Amino acid sequence: MVSRSYSNLLDLISCDSPKTSTNTVTGNVSRRLNRVMTAAGIISELEEENPISSAGSDAPSSVQREKLIIVSNQLPIRAHRRTDDKGWYFTWDEDSLLLQLKDGVDDNLDLTYIGCLREEIDMTEQDEVAQILLETFNCVPAFLPADLFSKFYHGFCKQHLWPLFHYMLPLSPELGGRFDQSLWQAYVSVNKIFADKVMEVINPDEDFVWVHDYHLMVLPTFLRKRFNRLKLGFFLHSPFPSSEIYRTLPVRDEILRALLNADLIGFHTFDYARHFLSCCSRLLGVTYQSKRGYIGVEYYGRTVNIKILPVGIHMEQLKQVMDHDVTGLRVAELSERFKNLVVLLGVDDMDIFKGISLKLLAMEQLLEQHADWIGKVVLVQIANPARGRGRDVQEVQAETYSTAERINKKYRLPGYDPVVLIDNPLQFYERVAFYLVADCCLVTAVRDGMNLIPYEYTISRHGNSSLDQVLARDPFSPKKSVLVVSEFIGCSPSLSGAIRVNPWNIESVSEAMHSALYMGDMERQLRHEKNYRYVSTHDVSYWANSFVNDLERACKDHGKRRCWSVGFGLSYRIVALDPNFRKLSVEHILSAYKRSRNRMILLDYDGALMPQFSIERGPTEESLRVITSLCQDPQNTVYLVSGINKETMSRWFSFDERLVIAAEHGYFIRKNKESEWETTVPLTDFEWKQIAEPIMKLYTETTDGASIHATESALVWQYQYADPDFGSCQAKELLSHLESVLSNEPVTVKTGHHYVEVKPQGVTKGLVAVRILSELQEKSIRADFVLCIGDDRSDEDMFEVINQAAATGPVLSPVAEVFACTVGQKPSKAKYYLEDSSEILRMLQGLANFSDSSSSGPRLA
């Protein structure tokens, strides 16, 4: 397809996938790299750029394929210094998830990676390194100054976000440290640099961007600011904490709003997604709903989709490692080393959340309570180097070493140590060899985002024919394995065959270890089969393919919406609306008003003429003056619609004989001051109130912050001041309860934003519009000007009726001009909007001024 590029970068290189996996930086590179310049140092999160339009460029186009741009803190590349110290050579990092996910991406998409290298590259070599990585690996490196990277990664990411997302609060300077504004600025600055790197390679009309993990959570805002219709996904590989924890973060709103600038947000488990949605609801007031299996957050006219799917392992890579001769040799060595011993295996990073010391204590308790296992069972604990640094890592290391030494000293026998602690880095094939000889794998982290160790163990235990021969197993016999996993890790819900434990309960973990030791072969086979069936079908390619497919689905309607930019800095967001939805021009409506002779004006009082959350609910002098002027024009008939009871409306608007008032959302209507109130539906008894009101009172008593609003025709249970989650839960239960007990009554039970309402069937504000149009048709009067203003969902019924009348006729004049107008930029059946009630009053004042100065004419009704 034809691609309209936003930089000259892609014109420099071929879009074919690289065929070589290794290359060397030596000498000059023939093709130079055009790059967006980024200055080193800290920027403010309030820095503003001019957003770049998402319309196409008029620059010469080149034929390019669609790309999937994968953005992460680190590139899936290993950099190696040449032995003569005169350059670098590079290889793919086969263990990187970012590289492995390519197997699940459609062949029609080219992959481009953006991220940092693990090694620091001298500034004099950066251009050459960047060029060779782009040409050979399709990678765009982000070079960060050492001090900026330290503040970004070791500072904000590892000192603030990582502990908080793992439920560690900074209660003292020693526990994570106090919030440091300079570290936050560094975090924002690095995200800005990554946005510039995306700018170098993106074609925003066609390419997809997939951002990974908590290091780049504000990147979506920078990208969305530049390209409104960018197809953008984000996946969080760590836990997302509950709202009670997350709310302690000083920049909580900025991060949530930034994430909501993505089109699709992925989480490993429902718990993580639920916590994120709860934070959005409590802190930002946004709502979400599940529709046809998909969860969506409604955010300024956009639906931000939520994806729940744990990542998998790379099956082919693991099988290839098992096929290597060196793996078989290592398995043979370990089988001989642990001959006649039952092997329990733990593989963890040496950090505070992996629970290594708790696991060792459980092992100690197992040996203490079941002394017959001394000399027969061994716990092999592989402790990988910690990814972070600091005093907490040193304390974990010291505790682990001392605990292991104490247990060994206590239960040591000649040639036997109950705990084997391996703290040197192991190659992947060595780890697989340990999986193969281990009878049970223990993963007892106190908090972990995903943890793929149980998946690797399950597939490894399935083995192959050559390994079966090394292990002296019958290749045709059912495979067996036992997993003991913490209920606080992301993979736990997907492993139905695992024994789940609370790692803090040492006795429980010890009992689980004992159960694993005594478990029969049949149960071991059944548990293994359950786990293997899931892990083998939900590998990394399945995960990547599912995410990309959902990202395409989430972005398919991008071209059908008009977008407006709202907010500054990290509060920036996009308002997406119907292409025909636009702001009502006072000059335009005034011109139509002047040309017309028969005018129909429908005004919603609540929220349109009077702000929704105004303390004083009564009309202001200005609004009374405007309504009076409009009513005095004989060419106008003015209708005022409200949810307020009829007594209050009569008291407030008794000044004009010709004003038509509809109260209680259209149940009552009064044609003029001298008329009696009429009902728009046949009169019914209200015995249903005796059923509904006690139930509402019960829910009010049990829901702090809830209240009941009663009118003559309706009962409304409101919970806007209650806890959002509990109030919503109670509202759903109340809705179900009322629908059940009122099923035979002539009423409608409906729910809305923070309310549950019971009212007579058929009563809507749309019914008022229908009645007005019917009376016009009976009198053979055809209005040539219709203005309908409302602000909430209840007014959408009026808009629908008016729009339908304009489209189908013959109720209105063939030349009628219809202005359905809502308050604020939001999805609506209205075609126009004004920002707030003050703008509405100014517009109505303009119409009233013309009426005051014009001559009288024939009345509409």
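Everything below is about the structure shown above.
We now turn to the structure provided with this report. (Residues numbered from 1 in each chain as written. Predicted model: local features only at pLDDT ≥ 70, side-chain atom pairs only at ≥ 80, totals over all residues. Heavy atoms only, no water.)

### Re the overall build of the protein
- For the protein, the helix and strand inventory stands at 26 helices and 35 strands.
- Expressed as a percentage of its 861 residues, the buried residues of the protein come to 55%.
- In the protein, of all internal contacts separated by at least 6 residues, the share reaching a separation of at least 24 is 73%.
- When the accessible area of the protein is evaluated, it comes to approximately 36,900 Å², of which 49% is carbon and sulfur surface. (Helix = DSSP H or I, 4+ residues; strand = E, 2+ residues; numbered from the N terminus. Buried < 20%, exposed > 50% of the residue type's maximum accessible area, 1.4 Å probe, protein only. Contact = heavy atoms within 4.5 Å. Areas by Shrake-Rupley, 256 points an atom, 1.4 Å probe, with all protein chains shown as cover.)

### Quick word on the sheet that holds strand β18 (residues 440–443)
- Taking strand neighbours across the sheet as the criterion, the six strands line up as β17-β16-β15-β18-β19-β20 in an open arrangement whose pairing is parallel. For this open sheet the edge positions go to β17 (419–422) and β20 (499–501), each flanked by a neighbour on one side alone. Each strand axis lies, on average, 20° off the axis of its neighbour in the sheet, ignoring direction.
- Here strand β16 (residues 377–384) pairs with β17 via four bridges, running parallel. Its bridge partner lying in β17, L379 is registered against V419. (Pairing = 2+ DSSP bridges. Axes fitted to C-alpha atoms, helices over the stretch in contact; angles between N-to-C directions.)

### Notes on the side chain of R257
- Here R257 is to be found in helix α7 (residues 252–259).
- Among buried Asp, Glu, Lys and Arg side chains, R257 stands out as unpaired, with D253 the closest opposite charge at 5.5 Å.
- In terms of polar contacts, R257 uses its side chain to reach the side chain of Y299, at 3.1 Å.
- Setting aside chain neighbours within four positions, we find R257 in contact with T221, L284, Y299, Y300, L570, S571 and R573. (Lys, Arg positive; Asp, Glu negative; His and termini not counted. Salt bridge = Lys/Arg side-chain N within 4 Å of Asp/Glu carboxyl O. Polar contact = N/O pair within 3.5 Å; in protein donor to acceptor, adjacent residues only side chain to side chain.)

### Describing the packing of helix α13 (residues 428–437) against helix α14 (residues 453–462)
- One can describe the packing of α13 onto α14 by two numbers: an axis separation of 8 Å at closest approach and a directional angle of 70°. When the axis of α13 is compared with that of α14, the two are roughly perpendicular. As α13 runs across α14, the sense of the crossing is right-handed. On α14, the residues that touch F428, R431, V432, Y435, L436 and V437 of α13 are I453, E456, Y457, S460 and R461.
- Looking at the contact of α13 with α14 residue by residue, the class counts come to seven nonpolar, one polar and three charged. (Parallel < 35°, antiparallel > 145°, perpendicular 65-115°, else oblique. Left-handed = near helix turned anticlockwise from the far one by under 90°. Nonpolar A, V, L, I, M, F, W, Y, C, P; charged D, E, K, R; others polar.)

### Some remarks on the pairing of strand β15 (residues 342–349)
- Extensive coverage of β15 is indicated by the burial of seven of its eight residues.
- One ladder, built from eight bridges, connects β15 with β16; its direction is parallel. Among the inter-strand pairings, L344 is bridged to a residue of β16, identified as L379.
- For the segment spanning β15, helix α11 (residues 356–369) and β16, crossover handedness is right-handed.
- As paired elements, β15 and β18 share two bridges and run parallel to each other. Its bridge partner being in β18, L345 is matched across the sheet by C441. (Right-handed = clockwise from strand over helix to strand, strands pointing away.)

### Comments concerning the nonpolar core
- F90, L101, L133 and V380 are the most contacted members of the largest nonpolar core, which has 82 residues in total.
- Element by element, the count of residues in this core is highest for α13, at eight residues.
- Look past the residues within four positions of V380 in its chain and what remains in contact with it is F338, V343, L344, L345, G346, V420, I422 and F434.
- Judged by nonpolar contacts, the second largest core, of 75 residues, contains A142, L216, Y272 and F353. (Core = buried A, V, L, I, M, F, W, Y, C linked by side-chain atoms within 4.5 Å.)

### Side note on the sheet that holds strand β11 (residues 264–267)
- Sheet architecture is open: nine strands sit in the order β8-β7-β4-β9-β10-β11-β14-β13-β12, paired in mixed fashion. Every interior strand has two partners, whereas the edge strands, β8 (139–141) and β12 (287–291), have only one. Pairs of neighbouring strands in the sheet enclose a mean axial angle of 20°, with direction left out of account.
- Where strand β13 (residues 294–299) lies against strand β14 (residues 302–308), five bridges are found, and the strand directions are antiparallel. From the neighbouring strand, V297 faces β14, where its bridge partner is V304.

### Re the pattern of salt bridges
- Overall, the coordinates contain 42 salt bridges when judged by the stated rule.
- We note a salt bridge from E200 to K197, for which the minimum N-O separation is 3.3 Å. Taken together, the residues E200 and K197, both in helix α4 (residues 181–201) and three residues apart, mark about one turn of the helix. You'll find E200 and K197 in the same group, each marked buried.
- Residues joined in a network through salt bridges with shared partners are K671, E678, R771 and E775.

### Some words on the packing of aromatic side chains
- If you walk through the whole model with that rule in mind, you get 35 aromatic pairs.
- Measuring from centroid to centroid gives 5.2 Å for F581 and Y833, while their planes differ by 20°, and the two rings are stacked. With F581 in the loop between β22 (573–577) and β23 (582–583) and Y833 in strand β35 (residues 832–834), the pair connects residues that are 252 residues apart, well separated along the chain. Pair check on accessibility: F581 and Y833 agree, each one buried.
- Through successive ring pairs, a cluster of aromatic residues spans F149, F152, Y153, F156, F179, W184 and Y187.
- The side chain of R447 reaches across the aromatic face of Y167, ending 3.9 Å from its centre. (Phe/Tyr/Trp six-rings, centres within 6.5 Å; stacked < 30°, edge-to-face > 60°. Lys NZ or Arg CZ within 6 Å of the ring centre and 35° of its normal.)

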